[in-house]
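Next come the chains, spelled out residue by residue.
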Protein chains: 2
Amino acid sequence: MKVEYINPFLAAAISVFNTMLKTPLTRGEPFLKNGTQPNHEVSGMIGLSGKAKGMVVLSMSREAALGTAGEMLGMQLKEINADVADAVGELTNMIAGAAKAQLEQLDMSVSLPTVITGKAHCIDFPKNTMPICIPFDCKWGPVAVEVGLVE
Amino acid sequence: MKVEYINPFLAAAISVFNTMLKTPLTRGEPFLKNGTQPNHEVSGMIGLSGKAKGMVVLSMSREAALGTAGEMLGMQLKEINADVADAVGELTNMIAGAAKAQLEQLDMSVSLPTVITGKAHCIDFPKNTMPICIPFDCKWGPVAVEVGLVE
């Protein structure tokens, strides 16, 4: 994956959290992701295709998923249910959409967001992808954006 | 999701198993999937976009994932590792590709396949999608193809 593709996803995540959740994201150091690193408990995934193909993952700790979904839905949530999954899917959709708008030379379109829940799930990208993980913290807990994109 | 979209995915799964693995798939009865049904231990996912947007999931029991990957790689495999994930991702890619070829009126393209591993993971499609799950059996164990597609 080209390094210049990272910034649009990083900026998109920060912007979506600011706009939708009125909360800042503090970013950590991006690193190369491999499949043996377990994801957080809730992961929103969306595919990108066009002149480049890819997958974007918004992975959230349980606390971050409950906090962000609660904020979006205006209620307090205590368990990971279909409402939380829908909210995380929608956030993933917005981040992927905002990033693809900044990568318009790749003429990509987005698939349907789906959400994985499960305490010890791992997400493996294809071996040749060199996916990047960008860790973040928000006021509810840790969050990560993972992107694999190949031309 | 329109019922006429199911058959291409069903036929694609059977055809890919026949061609790539020289093994028949026995199909069960398709049903409407909801997020509370846990998936098998290994799930390959790929996004579709174009005139319709969607996500295809090939979910495999541990035994089926090890058996199919072993067959593809010509070796005996005992644990779910990056080779197994890559093989399941490749199968998912082929099934999605074959199905989209049969749905050419939707002019779809595929994203990058990614593979989820984890004993108790669940995959939630967006609420309005009405995703369909088609259960299958192969000689190594149970397999399922899940599709959510909206125009």
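Note that this is a predicted model, so its numbers are computed, not measured.

Definitions and limits used
- The residue numbering used here restarts from 1 in each chain and proceeds along that chain's sequence as written.
- Here the convention is simple: chains get letters from A, ligands get numbers from 1, in the order in which they are written.
- Per-residue local features of the predicted model are confined to residues with pLDDT of at least 70, and side-chain atom pairs are confined, for both listing and counting, to 80 or more; whole-chain, interface and lining totals are unaffected and use all residues.
- Water and hydrogen atoms were dropped before computing side-chain values, which therefore reflect all heavy atoms in the structure.
- Simply put, an axis is a line fit to the C-alpha atoms, just over the touching stretch for a helix, and the angle between two N-to-C directions goes from 0 to 180 degrees.
- For helices the rule is a DSSP run of H or I covering at least 4 residues; for strands it is a run of E covering at least 2, with both sets numbered from the N terminus onward.
- Each angle is binned into one of four classes, with values under 35 degrees roughly parallel, values over 145 roughly antiparallel, values of 65 to 115 roughly perpendicular, and all other values oblique.
- Any pair of residues with heavy atoms lying within 4.5 Å of one another is described as a contacting pair.
- Each residue gets one label: Ala, Val, Leu, Ile, Met, Phe, Trp, Tyr, Cys and Pro are nonpolar, Asp, Glu, Lys and Arg are charged, and the others, such as Gly, are polar.
- Salt bridges are counted wherever a side-chain nitrogen of Lys or Arg sits within 4 Å of a carboxyl oxygen of Asp or Glu.
- Classification of residues uses two cut-offs on accessible area relative to the type maximum, computed with a 1.4 Å probe and protein chains only: under 20% is buried, over 50% is exposed, and between them is partly exposed.
- Helix span is expected to be 1.5 Å times the residue number reduced by one.
- Any pair of N or O atoms that falls within 3.5 Å is considered a polar contact. Within protein, one atom must be able to donate a hydrogen and the other to accept it, and sequence-neighbouring residues count only if both atoms are side-chain atoms.
- Computed with a 1.4 Å rolling probe, the buried area is the accessible surface lost when two parts are put together, summed over both parts.

Participant: How should I be thinking about the packing of helix α1 (residues 6–21) of chain A against helix α2 (residues 62–73) of chain A in this particular structure?
Facilitator: For any two helices packed against each other, the geometry is given by the interaxial angle and the distance between the axes. Residue and element names in this part refer to chain A. Contact geometry for α1 and α2: axes closest at 10 Å, N-to-C directions at 45°. Relative to α2, the element α1 lies oblique. In this structure, α1 contributes F17, M20 and L21 to the contact, and α2 contributes T68, E71 and M72. Residue composition of the contact of α1 with α2, by class: four nonpolar, one polar and one charged.

Participant: Got a minute to help me understand the pattern of salt bridges in this structure?
Facilitator: Oppositely charged side chains can form a pair if their charged atoms are brought close together. In this structure the tally under the stated criterion is six salt bridges over all chains. One salt bridge connects D83 of chain A with K127 of chain B, and the closest N-O pair in it is separated by 2.6 Å. With D83 of chain A in helix α3 (residues 82–102) and K127 of chain B in the loop between β7 (122–124) and β8 (132–138), this pair bridges two chains. For D83 of chain A, a relative accessible area of 29% corresponds to the partly exposed category.

Participant: I tried to follow helix α3 (residues 82–102) of chain B on my own but got confused; where do I start?
Facilitator: Residue and element names in this part refer to chain B. An ideal rise of 1.5 Å per residue puts 30 Å on 21 residues; α3 measures up with 30 Å between its terminal C-alpha atoms. Those residues of α3 that fall on the buried side of the exposure criterion are V84, A85, A87, V88, G89, L91, T92, I95, A96 and A99. The backbone nitrogen of D83 has a side-chain oxygen 3.1 Å away, supplied by the residue at the start of α3, namely N81.

Participant: Quick question: what am I supposed to make of the interface of chain A and chain B here?
Facilitator: How big an interface is tends to be stated in terms of the accessible area lost upon association of its parts. Contacts between the two partners involve 35 residues from chain A and, on the opposite side, 34 residues from chain B. Both faces considered, chain A and chain B share a buried interface measuring about 2,600 Å² in area, 59% of it formed by carbon and sulfur atoms. Per-residue buried area on chain A facing chain B is highest for L112, D124 and K127 of chain A; these three make up 23% of the total on that side. Our enumeration of links across chain A and chain B arrives at two salt bridges. Counting every contact that joins chain A to chain B gives 11 residue pairs in polar contact (both at pLDDT 80 or more). When contributions to the side of chain A that touches chain B are tallied by element, the ones reaching two or more residues are β3 (42–49), β4 (53–60), α3, β5 (109–110), β6 (114–117), β7 (122–124) and β9 (141–150) of chain A. Top contributing element to the side of chain A that touches chain B by residue count: β3 of chain A, with five residues. Split into classes, the residues belonging to the side of chain A that touches chain B amount to 18 nonpolar, 12 polar and five charged.

Participant: Help me understand the side chain of E146 of chain A in this model?
Facilitator: Residue and element names in this part refer to chain A. If you trace the backbone, E146 turns up in strand β9. Taking relative accessible area as the criterion, E146 reaches 4% and is therefore assigned buried. Here the side chain of E146 touches N39 through a polar contact of 3.0 Å, side chain to side chain. Those residues in contact with E146, other than ones at most four positions away along the chain, are K33, N39, M55, V56, V57, F125, I132 and C133.

Participant: Could you clarify how one ought to interpret unusual backbone geometry in this entry?
Facilitator: Where the residue is not glycine, phi is negative for most of them; where a peptide bond is considered, it is trans in most cases. All names here are of chain A. With a phi angle near 50°, K22 is a residue other than glycine that sits in the positive phi range. One non-glycine residue, D107, lies in the positive phi region at around 50°. Judged by relative accessible area, D107 falls into the exposed class, the value being 52%.

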